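# What the coordinates show
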Amino acid sequence: MDIYASPFFDQARENFAVIADYLDIPEHKRDRLLMPKRAIMVSCPIHRDDGSEVVFTGFRVQHHLTMGPTKGGTRYAKDLHMGEVAALAIAMSWKCALAGLPYGGAKGGVAVDPYSLSRRELEAVSRRYMTEMIPFVGPKTDVMAPDMGTNEQVMAWYMDTYSMYQGQTVSEIVTGKPVHAGGTVGRREATGHGVVHLTGRAMERLGINPSGATAIVQGFGNVGSVTAAALHRQGTKVIGVSDHTACYFDRRGLDVPALLRHTEEHGVLRGFSSELAYDPAQLLVQSCDILVPAAMERVITGDIAAKLQCRILAEGANGPTTPEADRVLNARKVEIFVIPDILCNAGGVVVSYFEWVQGLQQLFWTEPEVRDRLNRLLERAFQAVMTRSERDGVPHRTSALAIGVEKVQKAKITRGLFP
Ligand code: NAD
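These lines cover the structure that appears in this document, whether it is placed above or below. (Residues numbered from 1 in each chain as written. Predicted model: local features only at pLDDT ≥ 70, side-chain atom pairs only at ≥ 80, totals over all residues. Heavy atoms only, no water.)

### Observations concerning the nonpolar core
Generally speaking, soluble globular proteins have nonpolar side chains that are buried together. In this structure, Val241, Ile312 and Ile339 are the most contacted members of the largest nonpolar core, which totals 88 residues. When near neighbours in sequence (up to four residues on either side) are disregarded, Ile312 contacts Thr199, Ala202, Met203, Leu206, Ile208, Asp289, Ile290, Leu291, Ile336, Phe337 and Ile339. In this structure, Ile40, Leu122, Tyr158 and Met159 belong to the second largest nonpolar core, which totals 26 residues. (Core = buried A, V, L, I, M, F, W, Y, C linked by side-chain atoms within 4.5 Å. Buried < 20%, exposed > 50% of the residue type's maximum accessible area, 1.4 Å probe, protein only. Contact = heavy atoms within 4.5 Å.)

Below you can see the structure in the form of structure tokens.
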């Protein structure tokens, strides 16, 4: 039985096969690199507000423990399944290695629509999920973080639940906590900041002036909203945005601060404007300088890739581009500058790493220190990806993944095979 069987896991497998061929990794050594170390599935029963009982399924996949603890986000999504979680865990491994972080990748979550829960129910699911995970996680074993459908508050509940069982505060068990509960300054904005920082590097290479450039952002949660805000601040015109409730487009530029105020108040984009409402299926293929998918995986299919009219594709989300779309992009006459997900959204895990380090040392940094270190790490990774891509004439994604896979492979070879 293949517990991972799913199109998203196939995508991780296919991406890995391209890299394994490129790196000449022998067939018999490939599974050790690709297949997850552990996959955990748990039941999370809770009381609903009406007194009834309901059971949600929780997952956690730890990809490899070769370079230190595993690290990765926790996703709440209605149709979450083991294959999706495993694919995301694998991508985290290559991402951490590319950024030079001492982690393997992990991912987890609960198959639940977070928007359908009251705050009390969300807390109950979160505390129960962490309770079930206690035997398998720890600050030196596996460290969780936010992802789609979870946030700082959920991380605070995880930390509190874990700490209650340990009889002491263990803030390093999760990252992405609120600053007043052991978090680090700059974590909430880190992923979006990284997306915009790297987009700036791409614009430099293409000779695009950020002020007056145009951008479209899909997803208006943590990554999408911070990205849109940072683009707007630097003078880039955000002409399209969407979330799961609404989509807006205005070629003259949307009022980003007003959109942020609206989502702050209502939680979602729905209800912002009826005049600017737009067909979400058409959003990604509108002409713009920067396209940022920052919602979910597999939204850029082969079909859409052929129709894209952006100059830069900045992958804020994990796995937004299918392998078929990649082949289309690589064959296009007018090249699109792809900033692959494991580079583009690495800002989140980089600052999560900073938060973990600060928590272990109980020594906290200032915002400029966090920003400066983040920019330096992203810069190093960006340069490495560009250099290898130019040296070997391979796409940016191949270059980025190869750097990650190669580092994990080297560590495994050096440590040997136990017992
Ligand atoms: P989030 O839950 O804060 O936001 C997700 C957003 O996507 C919401 O605005 C939601 O409405 C929107 N969305 C969902 N379905 C949609 C659809 N069909 N069309 C348009 N929008 C839709 O999640 P997030 O943390 O911002 O994560 C977004 C993506 O970025 C995910 O792929 C996640 O894995 C990735 N990511 C997040 C982080 C992080 O630090 N949060 C780090 C790296 C990567």
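### Focus: the packing of helix H14 (residues 367-392) against helix H15 (residues 396-415)
Packing of H14 against H15 leaves a shortest axis separation of 8 Å and a crossing angle of 110°. In terms of orientation, H14 and H15 fall into the roughly perpendicular class. Of the two elements, H14 crosses H15, and the hand of that crossing is right-handed. Residues Ala384, Val385, Met386, Arg388 and Ser389 of H14 lie in contact with H15, whose contacting residues are His396, Ser399, Ala400, Ala402, Ile403 and Glu406. The residue inventory of the contact of H14 with H15, partitioned by class, reads six nonpolar, three polar and two charged. (Axes fitted to C-alpha atoms, helices over the stretch in contact; angles between N-to-C directions. Helix = DSSP H or I, 4+ residues; strand = E, 2+ residues; numbered from the N terminus. Parallel < 35°, antiparallel > 145°, perpendicular 65-115°, else oblique. Left-handed = near helix turned anticlockwise from the far one by under 90°. Nonpolar A, V, L, I, M, F, W, Y, C, P; charged D, E, K, R; others polar.)

### Thoughts on the pattern of salt bridges
Counted according to the given criterion, the structure contains 26 salt bridges. With its nearest N and O atoms 2.9 Å apart, the salt bridge here joins Arg30 to Asp21. On the accessibility criterion, Arg30 (12% relative accessible area) is buried. According to the relative accessible area criterion, Asp21 is partly exposed, its value standing at 49%. Residues Glu132 and Arg128 are paired through a salt bridge, measuring 2.9 Å at the closest nitrogen-oxygen approach. Residue Glu132 and its partner Arg128 are both found in helix H4 (residues 119-133); the two are separated by four residues, about one turn of the helix. Judged by relative accessible area, Glu132 falls into the partly exposed class, the value being 23%. Residue class for Arg128 comes out partly exposed when judged on its relative accessible area of 33%. (Salt bridge = Lys/Arg side-chain N within 4 Å of Asp/Glu carboxyl O.)

### A look at the environment of Val285
Following the sequence through the fold, Val285 ends up in the loop between helix H9 (280-283) and strand E9 (288-293). In sequence terms Val285 and Gln309 are 24 residues apart; their C-alpha atoms lie 5.8 Å from each other. Setting aside anything within four residues of it in sequence, one finds Val285 in contact with Ile304, Lys307 and Gln309.

### Comments concerning the pairing of strand E10 (residues 310-314)
Counting buried positions over the five residues of E10 gives four, a clear majority of the element. Note that E9 and E10 share three bridges and pair parallel. Bridging across to E10, Leu291 finds its partner in Leu313. Crossover handedness for the path E9 to helix H10 (residues 302-307) to E10: right-handed. As paired elements, E10 and strand E11 (residues 337-339) share three bridges and run parallel to each other. Its bridge partner being in E11, Leu313 is matched across the sheet by Val338. (Pairing = 2+ DSSP bridges. Right-handed = clockwise from strand over helix to strand, strands pointing away.)

### Brief notes about the sheet that holds strand E8 (residues 247-249)
Pairing in this open sheet of six strands is mixed, and the strands run E8-E7-E6-E9-E10-E11 from one edge to the other. The open sheet has two free edges, formed respectively by E8 and E11, since each of these has just one partner strand. Here the average twist between neighbouring strands, direction ignored, is 20°. With respect to the sheet, helix H6 (residues 187-206) is in contact with E9, E10 and E11, its orientation differing from that of E10 by roughly 145°.

### Regarding the site of the ligand
In the vicinity of the ligand, 23 residues are found, and the nearest of them are Asp147, Gly149, Thr191, His244 and Asn318. Contact between the ligand and Arg187: an oxygen atom at 3.2 Å from a side-chain N or O atom of the residue. The side chain of His244 places a nitrogen or oxygen atom 2.5 Å from an oxygen atom of the ligand. Against a free-state accessible area of 820 Å², the protein chains account for coverage of 86% of the ligand. Breaking the shell around the ligand down by element, the ones donating at least two residues are H6 and helix H7 (222-233). Of the residues assigned to the shell around the ligand, the class counts are eight nonpolar, 11 polar and four charged. (Near = heavy atom within 4 Å. Polar contact = N/O pair within 3.5 Å; in protein donor to acceptor, adjacent residues only side chain to side chain. Areas by Shrake-Rupley, 256 points an atom, 1.4 Å probe, with all protein chains shown as cover.)

### As for the environment of Asp243
Within the element layout of this structure, Asp243 appears in the loop between strand E7 (237-242) and E8. Those residues in contact with Asp243 that sit more than four places away from it in its chain are Phe220, Val268 and Leu269. Within polar-contact distance, the side chain of Asp243 engages the side chain of Thr245 at 2.7 Å.

### Some words on the environment of Met130
Among the structural elements, Met130 can be located in helix H4. By relative accessible area, Met130 is classed as buried at 0%. Linking Met130 and Asp160, residues 30 residues apart in sequence, is a C-alpha distance of 9.6 Å. In this structure Met130 touches Val137, Met144, Tyr158, Thr161, Tyr162, Ile173 and Val174, once residues within four positions along its chain are discounted.

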